[in-house]
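A structural walkthrough
Okay, here's what each chain looks like letter by letter:
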Amino acid sequence: MRELTIETPDQSYPVYVGEGALSKLTELFAGPLKGTTKLLVIADELVASLHSEALQQALPPQLSCEWLTVPNGEAAKTFSSFENCLTFALEKGLDRKSCILAFGGGATGDLAGYVAASYMRGISFIQIPTTILAHDSAVGGKTAINHPLGKNMIGHFHQPAAVVFDTRFLQTLPEQQVRSGFAEVIKHALIADPAFLAELKANVKSFKDLSADFLAYCLEKGIQIKGEIVGKDVKEQGVRAYLNFGHTYGHALEAKLGYGRITHGEAVAAGMVFALHVSERKAGLSFDLKEFIVWLKGLGYPLDLNNGLPFEELYTLMARDKKTIGETIRFVLLQEVGRPVMKEMSRQELEEADRFMREEAAV
Ligand SMILES: NC(=O)c1ccc[n+]([C@@H]2O[C@H](COP(=O)([O-])OP(=O)(O)OC[C@H]3O[C@@H](n4cnc5c(N)ncnc54)[C@H](O)[C@@H]3O)[C@@H](O)[C@H]2O)c1
Ligand SMILES: O=C(O)C(=O)C[C@@H](O)[C@H](O)[C@H](O)COP(=O)(O)O
Ligand SMILES: [Zn+2]
């Protein structure tokens, strides 16, 4: 197990990552979180059915603990689910010294983090992620639920007190979720580290033979890259937006197709191909996009997600992206691998890239 630290100007917190990380929970409640009155575990229902015993055994026995399961996956990030969590917390008498434990993937983490950010104007929470993708979502304090008109539109920045990432949970992840999580690993490599991208391409030809050691290395790398960026710009006034590479188009696909119909990582993978294509035209990127697409397809990423979707509707959704200022849609592009830049996009440029996805990337 490794300990990484996320340092922001206002706070710093540990990320424990590796086999057995759960054992850190007792230390946390004897140390920085001493004085906690009550725990509330908000758990993905599927994750609870697979792994609740392991978490139960790792919790400090002296603390009273309530459990609430929420729908698995994206269905957790709704207004009604948010309200249920708050009602449950009130009924069970959580106070300002209580602590929420988010147990599941990014969807549960985003929901539970938002509940923690909102309850009594903010109580502490710990992320206990169970997916590969959550090496991204559990770090950095973005919490949110979805709105039918846009992904993650309602939320807060609220940093966890700690991230306890026990990689033993990953053993039960289905391949589609491994693929989804790896899209964010690839994103971290693309925006920050060409050598890491080369390692990924050389070592990951299929998700079936991914070694536990290489996976652990990828998770640490991703967390380090993300942590460094978040530390410079917690509330996304500047460089943090680079972590949104591939997300403007990706989020539009997720919203249009219906949250949870495709995985977040699948949407981001398509969004990255879209953004790389634009980067070649607009940001001077020199990149073998064809080879990259072949690699992604070989790994099973579907790149035809816009099939049958009118561009007009994707455009409306992209225009509502959080990076949009006034009428101007802004995209994160790459000048080189590891050198992102923000650019304003015209409707014509977006339409051309959407056509590229339909006619070239997908075939
Ligand atoms: N806050 C952030 O910075 C941030 C970053 C990236 C993504 N996100 C958000 O995270 C969400 C995606 O997260 P995710 O990919 O973890 O998806 P998820 O939470 O929807 O989980 C995916 C599926 O895997 C199942 N699952 C989770 N852990 C499992 C395990 N150990 N074994 C078997 N099944 C398991 C879940 O029940 C679910 O069906 C999206 O909503 C996305 O917007 C947030
Ligand atoms: O942490 C960030 O900043 C990111 O952009 C990470 C993304 O992978 C993540 O999907 C995030 O939730 C997207 O943020 P949003 O502000 O576009 O909703
Ligand atoms: Zn993401």
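Note that this is a predicted model, so its numbers are computed, not measured. (Residues numbered from 1 in each chain as written. Chains lettered and ligands numbered in written order. Predicted model: local features only at pLDDT ≥ 70, side-chain atom pairs only at ≥ 80, totals over all residues.)

In this section: the overall build of the protein. For the protein, the count of helices and strands is 13 helices and 11 strands. Radius of gyration (C-alpha) of the protein: 20 Å, near the 21 Å computed for a compact globule of 363 residues. The principal-axis extents of the C-alpha atoms in the protein amount to approximately 60 × 40 × 35 Å. Taking all 363 residues of the protein together, 47% fall into the buried category. When contacts within the protein are restricted to residue pairs at least 6 apart in sequence, long-range pairs at least 24 apart make up 75% of them. (Helix = DSSP H or I, 4+ residues; strand = E, 2+ residues; numbered from the N terminus. Rg over C-alpha atoms; globule rule 2.2 N^0.38 Å. Buried ≥ 20, exposed ≤ 12 C-beta atoms within 10 Å, placed from the backbone. Contact = placed C-beta atoms within 7 Å.)

Neighbouring ligand 1 are 33 residues, the closest being Asn 72, Gly 105, Gly 106, Thr 131 and Ser 137. Among the elements of the structure, α2 (45–58), α4 (106–118), α5 (134–137) and α6 (175–192) are those that each provide at least two residues to the shell around ligand 1. The residue inventory of the shell around ligand 1, partitioned by class, reads 9 nonpolar, 17 polar and 7 charged. Per-domain counts for the shell around ligand 1 show at least three residues from each of domain 1 (2–172) and domain 2 (175–361). (Near = placed C-beta within 6 Å. Nonpolar A, V, L, I, M, F, W, Y, C, P; charged D, E, K, R; others polar. Domains from an automatic or database assignment.)

Time to look at the domain arrangement of the protein. Domains assigned within the protein are domain 1 (2–172) and domain 2 (175–361). For domain 1 versus domain 2, the distance between C-alpha centres works out to 26 Å. If you look at the interface, domain 1 gives 26 residues, while domain 2 gives 27 residues. Listed by contribution, the elements that provide at least two residues to the side of domain 1 that touches domain 2 are β1 (2–7), β2 (12–18), α5 and β8 (150–157). Top element by residues in the side of domain 1 that touches domain 2 is β1. It accounts for 4 residues. Residues that form the side of domain 1 that touches domain 2 fall into these classes: 10 nonpolar, 11 polar and 5 charged.

It is worth spelling out the site of ligand 2 at this point. Every residue lining ligand 2 is accounted for by Asp 136, Gly 140, Lys 142, Lys 151, Asn 152, Glu 184, Glu 236, Arg 240, Leu 243, Asn 244, His 247 and Lys 322. Taken together, the residues that form the shell around ligand 2 break down as 1 nonpolar, 4 polar and 7 charged. When residues are assigned to domains, the shell around ligand 2 turns out to be shared by domain 1 (2–172) and domain 2 (175–361), each giving three or more.

Right, let's get into the UniProt feature "binding site: Zn(2+)" (unreviewed entry) in the protein. Feature annotation in UniProt places "binding site: Zn(2+)" (unreviewed entry) on Glu 184, His 247 and His 264, given in this structure's numbering. Taken together, the annotated residues stretch across 81 residues yet fold into one region, lying no more than 10.3 Å apart by C-alpha. Here Glu 184 lies in helix α6. Every residue in contact with Glu 184, bar those within four places of it in the chain, is listed here: Leu 133, Asp 136, Gly 222, Gly 265 and Val 268. By secondary structure assignment, the location of His 264 is in helix α10 (residues 264–282). (UniProt positions renumbered as here; feature names shortened; annotations may be inferred.)

Turning our eyes to something else, we now look at the UniProt feature "domain: 3-dehydroquinate synthase N-terminal" (unreviewed entry) in the protein. Residues annotated by UniProt as "domain: 3-dehydroquinate synthase N-terminal" (unreviewed entry) correspond here to residues 68–179. Helix makes up 31% of residues 68–179 and strand 30%, with an end-to-end C-alpha separation of 28 Å.

Before going further, it helps to examine the packing of helix α9 (residues 247–257) against helix α12 (residues 311–319). The N-to-C vectors of α9 and α12 enclose an angle of 120°; their axes lie 9 Å apart at closest approach. When the axes of α9 and α12 are compared, the crossing they make is right-handed. Note on element contacts: α12 touches α9 through Glu 313, Leu 314, Leu 317 and Met 318, opposite Thr 248, Tyr 249, Ala 252, Ala 255 and Lys 256. Taken together, the residues of the contact of α9 with α12 break down into 6 nonpolar, 1 polar and 2 charged. (Axes fitted to C-alpha atoms, helices over the stretch in contact; angles between N-to-C directions. Left-handed = near helix turned anticlockwise from the far one by under 90°.)

Let's shift gears to the nonpolar core. Of all hydrophobic cores here, the largest spans 110 residues; its most connected members are Ile 42, Ile 100, Leu 111, Val 115 and Val 273. Ranked by the residues each element gives to this core, the list is headed by α10, at 10 residues. Not counting residues up to four positions away in its chain, the partners in contact with Val 273 are Ile 293, Leu 296, Leu 303, Met 357 and Ala 361. (Core = buried A, V, L, I, M, F, W, Y, C linked by C-beta atoms within 7 Å.)

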